[in-house]
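Listed below are the residues making up each chain.
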Amino acid sequence: MKDHYTRDADAEIVQLIREAGSRPVPGADRAARVRAAVELEWRAETRARRLRLLLRLTGGGTAMLAAAATLFLVVHQPSTVAPAAPLSASIARVAAVNGPVSLEIAGNRAAVGQTIAPGSPIRTDGKSQTTVTFSDGAELRVDKNTAATLVDARTIHLEHGAIYLDSGASTGSFTVTTASGTIRDIGTRFEVRTSPLRQGSGGQGNRDRQVVFSVKVRDGAVQLEREGRIERAETGTAFVVYADGRELREAVAPFAKDWAWTTAAAPPFIVNGAKLEAFLEWAAREGGWTIEWTDELRQKARMTTLKDPTHQADGMTPAGALDLVLPTCELSPDFDNNGRLRLKPYKGIS
Amino acid sequence: MDDQTLARRALRGDDQAFSELFDLYFPRLFRFALRRVADEDAAEDIVQATLVKAMRSLASWRGEASLFTWLCTICRREVHDYWQRVGRHPEVAPIDDAPEVRAALEALSAGGDSPERVLERAEVSSAVQLVLDHLPGRYGDVLEWKYVLGLSVAEIAERLHTSTKAAESTLTRARLAFREGYSSL
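Residue positions within a chain follow its written sequence, with the count starting from 1. Each chain takes a letter, starting from A, and each ligand takes a number, starting from 1, following the order in which they are written. With the structure being a predicted model, the display of local features is reserved for residues of pLDDT at least 70 and the display and counting of side-chain atom pairs for 80 or more, all residues being used for whole-chain, interface and lining totals. Values reported for side chains reflect all heavy atoms of the structure, with hydrogen atoms and water molecules removed beforehand.

In this section: the overall build of chain B. Each helix corresponds to a stretch of at least 4 residues labelled H or I by DSSP, and each strand to a stretch of at least 2 residues labelled E; elements are numbered beginning at the N terminus. In terms of regular secondary structure, chain B is built from nine helices and zero strands. Along chain B, from the amino end to the carboxyl end, the secondary structure elements read α-α-α-α-α-α-α-α-α. A total of 185 residues make up chain B; the buried ones form 51% of that total. Put simply, chain B shows about 8,600 Å² of open surface, and 48% of that area lies on carbon and sulfur atoms. Only protein chains enter the calculation, and the probe is 1.4 Å; a residue is then buried if its accessible area is under 20% of its type maximum, exposed if over 50%, and partly exposed in between. For accessible areas, the Shrake-Rupley method is used with a probe of radius 1.4 Å. Any residue's cover is judged against the shown protein chains and nothing else.

Right under this line is the structure:
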């Protein structure tokens, strides 16, 4: 072959390459998905490397290890144990507390507006829920009977219970660590739920069917690392692990009832004085619906200011609030089975 | 940007270096995986896992082998794990998994000397594309842009963010590297 090339090598090369044609190229969607996941890892590694370097440079390793050990105790001890002192400035703020308050943040009962330092444990009981807002606008909603820790502004450790993350316009990604796997978001809204295995009656069969871990993606995508494997879950997907070890992917629509608790945990939308457009966008986001906007509707929604002086609509579910508010604007909601929401002229109560 | 510079800058958190690294190696790794699993979705998952693991251990890459060779080593393990998970085995071994061919291609990636000719029966087009994938840097892309897509040197220069003269020089070196690589198979 070498001898052959010496005659007219360049012409031969050109001919060979031309005849071979283009190499197969992975689709842009594949490239985008993989890139997002790899970039997340790269950024996380870069941050970790900088931290390690910083610790070496400052000789702060021992202090940080001590802090980490304290944090570990805080995460794993019952809430009666005094939590660690805040490690640094606040990273988030309590935006809502629902139900009788038994939520503890950094050793205190939570109150709306309270700031949260990194390393703070958040615990809710069977009657309480909360929403925490990060400084970049991302939201963490915490369901009942949950124990979690805000490790830092980008990392949440979930011990048990359920959390819902809405990364919103936040630019960085979040990491949720659990005993069953680590989840990284790729610009999304998702729920992570872990449940301790229930003992007692019901038999082995019932225990095997118990869900011990799930990740539900309402929109966007998350990357799940579990038992050495990396999986991806996208909009409308639930990754479910059962007590007997089975792993299933199930469908969960963005407007399914599964998400109802997340609205209950959030601050209420104050209807009085709000623009109809803002109200509709809130309802669609919380309800998981897609509004079929028309130019006419958009115009009307921007021009209309809602009045609810007695605050009847505050704290209602999105569907309930739509039913109550829209007739005052001569509109009524019409949902299809795919979660599309059309607004029709209101024709009175039939 | 050579492999060493690319890795060093990516480790420092340089966005441009990450982009270049991804753009340079993702398509090649995808083809590498696809040849082994013949399923685009599986190949995507394998390459994602490969690159995620590579990002975690990039600091451990010492540069003895080319970056692509190192990535292929990780990718091979991911492919192996994939076949274990699905409980089957590949029916056909890809030609670049033959030890002699692998040695030749790795030498090629590293810009090393030509190994003995080992691939007489391979289909020419596949062999050409394999060689293009294993050429150092952007040589494979440059040759494909010029001779398959018919881009002018000026257009190639634009894609490489360099001058026309530098692009011409790259093209010459790419042809030489290809000739050497192809004749080594």
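Okay, back to it.
Along its length, chain A carries eight helices and 20 strands. Taken across its 350 residues, chain A has 44% of its residues classed as buried. In chain A, of all internal contacts separated by at least 6 residues, the share reaching a separation of at least 24 is 52%. Carbon together with sulfur atoms contributes 54% to the accessible area of chain A, which is approximately 17,400 Å² in total. Contacts were defined at the residue level, with two residues in contact if any of their heavy atoms lie within 4.5 Å.

What follows concerns the pairing of strand E7 (residues 139–142) of chain A. All names here are of chain A. The side-chain alternation of E7 yields two buried faces, one formed by Glu139 and Arg141 and the other by Leu140 and Val142. Only when DSSP finds a minimum of two bridges between them are two strands counted as paired. As judged from the four bridges shared by strand E6 (residues 129–134) and E7, these two strands associate in the antiparallel manner. Following the sheet pairing, Val132 is matched in E7 by Leu140. In this structure, the hairpin formed by E6 and E7 is closed by a connection of four residues, where Gly137 is found at a positive phi of approximately 100°.

Moving on, we come to the sheet that holds strand E19 (residues 331–335) of chain A. The strand order E18-E20-E19 (chain A) describes an open sheet built from three strands, whose pairing is mixed. Bordering the open sheet on either side are strand E18 (290–291) and E19 of chain A, each of which pairs with just one other strand.

When the parts come together, some accessible area is lost, and that loss is often what is quoted as the size of the interface. Counting residues at the interface gives 40 residues for chain A and 46 residues for chain B. The term buried area refers to how much accessible surface (probe radius 1.4 Å) is lost by two components on association, counted for both of them together. Summed over both sides, the interface between chain A and chain B buries roughly 4,200 Å², with carbon and sulfur atoms accounting for 61% of that surface. Should a side-chain nitrogen of Lys or Arg be within 4 Å of a carboxyl oxygen of Asp or Glu, the pair is scored as a salt bridge. Summed over the shared surface of chain A and chain B, the number is ten salt bridges. Taking the shortest distance from any N to any O, the salt bridge between Asp41(B) and Arg30(A) comes out at 2.9 Å. For the side of chain A that touches chain B, the elements supplying multiple residues, two or more each, are helix H1 (2–20), helix H2 (28–58), strand E14 (221–226) and strand E15 (229–234) of chain A.

A word on the packing of aromatic side chains. Residues and elements named next belong to chain B. When the centres of two rings from Phe, Tyr and Trp lie within 6.5 Å, Trp using its six-membered ring, the rings pair. Their planes under 30 degrees apart give stacked, over 60 give edge-to-face, and anything left gives tilted. Enumeration according to the criterion identifies 14 aromatic pairs over all chains in this entry. Pairing Phe18 with Phe22 gives two aromatic rings, centres 6.3 Å apart and planes at 25°, and the pair type is stacked. Of this pair, Phe18 and Phe22 are both found in helix H2 (residues 15–37), four residues apart, which corresponds to roughly one turn of the helix. Here Phe18 matches Phe22 in class, with each residue buried. A centroid spacing of 5.1 Å and a plane angle of 70° characterise the contact between Tyr82 and Trp83, whose relative ring orientation is edge-to-face.

For Asn145(A), which is not glycine, the phi dihedral falls at a positive 55°. Of note, Asn145(A) is situated in the loop between E7 and strand E8 (147–152).

Next up on the list: the packing of helix H8 (residues 153–160) of chain B against helix H9 (residues 164–184) of chain B. Residue and element names in this part refer to chain B. A fitted line through C-alpha atoms serves as each axis, taken over the contacting stretch for helices, and the angle formed by two N-to-C directions is quoted from 0 to 180°. The contact between H8 and H9 brings their axes to 8 Å, and the two run at 100°. Viewed along their axes, H8 and H9 adopt a mutual orientation that is roughly perpendicular. Every residue of H9 that contacts H8 at Val153, Ala154, Ile156, Ala157 and Leu160 is listed here: Thr164, Ala167, Glu168, Thr170 and Leu171. In terms of residue class, the contact of H8 with H9 is built from seven nonpolar, two polar and one charged. Roughly parallel here means an angle under 35 degrees, roughly antiparallel means over 145, roughly perpendicular means 65 to 115, and every remaining angle is called oblique. Polar here means any residue outside two lists: the nonpolar Ala, Val, Leu, Ile, Met, Phe, Trp, Tyr, Cys and Pro, and the charged Asp, Glu, Lys and Arg; Gly therefore counts as polar.

Residues and elements named next belong to chain B. Between the first and last residue of a helix there are one fewer steps than residues, each counted as 1.5 Å, and that sum is the expected span. Helix length check: helix H3 (residues 40–57), at 18 residues, gives a terminal C-alpha distance of 26 Å against a target of 26 Å (1.5 Å per residue), a fit within 8%. Buried within H3 we find Ala42, Ala43, Glu44, Ile46, Val47, Gln48, Ala49, Thr50, Leu51, Val52, Ala54 and Met55. Capping the start of H3 is the job of one residue whose side-chain oxygen sits 2.9 Å from the backbone nitrogen of Asp41: Asp39. Identification of polar contacts relies on pairs of N or O atoms within 3.5 Å, with a donor-acceptor requirement for protein atoms, meaning one able to donate a hydrogen and the other able to accept it, and with residues adjacent in sequence counted only if both atoms are side-chain atoms.

Attention now goes to the packing of H2(B) against H3(B). Residues and elements named next belong to chain B. Running from amino to carboxyl end, H2 crosses H3 at an angle of 135°, the nearest separation of the two axes being 8 Å. In terms of orientation, H2 lies oblique with respect to H3. Between H2 and H3 lies a crossing of right-handed hand. Two secondary-structure elements touch here, H2 through Phe18, Leu21, Phe22, Phe26, Leu29, Phe30, Ala33, Leu34 and Val37 and H3 through Glu40, Ala42, Ala43, Glu44, Ile46, Val47, Thr50, Leu51 and Met55. Should the near helix be turned anticlockwise from the far one by less than a right angle, the crossing is left-handed, and should it be turned clockwise, the crossing is right-handed.

Each regular strand carries side chains that alternate between the two faces of the sheet. Residue and element names in this part refer to chain A. Bridge analysis of E14 against E15 gives six bridges, and the strand direction is antiparallel. Paired with Gln223 across the strands is Arg232, a residue of E15. Taking the residues between adjacent antiparallel strands as the criterion, E14 and E15 are bridged by two residues, where Glu227 takes a positive phi near 50°.

Residues and elements named next belong to chain A. For the structure shown, the criterion picks out 37 salt bridges over all chains. Of the charged contacts, one joins Glu159 and Arg123 as a salt bridge, the two residues approaching to 3.9 Å between their closest N and O atoms. You can see Glu159 sitting in strand E9 (residues 155–166) and its partner Arg123 sitting in strand E5 (residues 120–123), a full 36 residues away along the chain. Note on Glu159: relative accessible area 27%, which makes it partly exposed. Here Glu247 ties to Arg229 by a salt bridge, and the two come within 3.1 Å at their closest N and O atoms. Here Arg229 lies in strand E15 and Glu247 lies in strand E17 (residues 247–251), a separation of 18 residues in the sequence. Given the relative accessible area of 26%, Glu247 is considered partly exposed.

A separate point is the confidence of the model for chain B. Detailed reading of predicted coordinates is not advised where the pLDDT is low. Residue and element names in this part refer to chain B. Values of pLDDT, the confidence the predictor places in each residue, fall between 0 and 100. Averaged over every residue, the pLDDT of chain B is 81; residues scoring 70 or more account for 81%. Here helix H5 (residues 99–109) stands out as the element of chain B with the lowest mean pLDDT, 62, in contrast to H2, whose mean of 91 is the highest. In the predicted structure, residues 112–122 sits below a pLDDT of 50 and forms 22 contacts with residues beyond four places in sequence or in another chain. The ipTM value of the predicted complex is 0.74, and its pTM value is 0.52.

Attention shifts here to H2(B). All names here are of chain B. With 23 residues, H2 should reach 33 Å at 1.5 Å per residue; the first-to-last C-alpha distance of 31 Å fits that figure. Think of it this way: the bend at a residue is just the angle between two axes, each fitted to seven residues, one set ending at that residue and the other starting at it. Where H2 bends most, at Tyr25, the angle is about 30°, and the proline Pro27 comes one to four residues later. Most of H2 is tucked away: 17 of the 23 residues are buried. For H2, the N-terminal cap is Asp14; the gap from its side-chain oxygen to the backbone nitrogen of Gln16 is 2.8 Å. Looking at the residues trailing H2, positive phi occurs at Ala38, about 55°.

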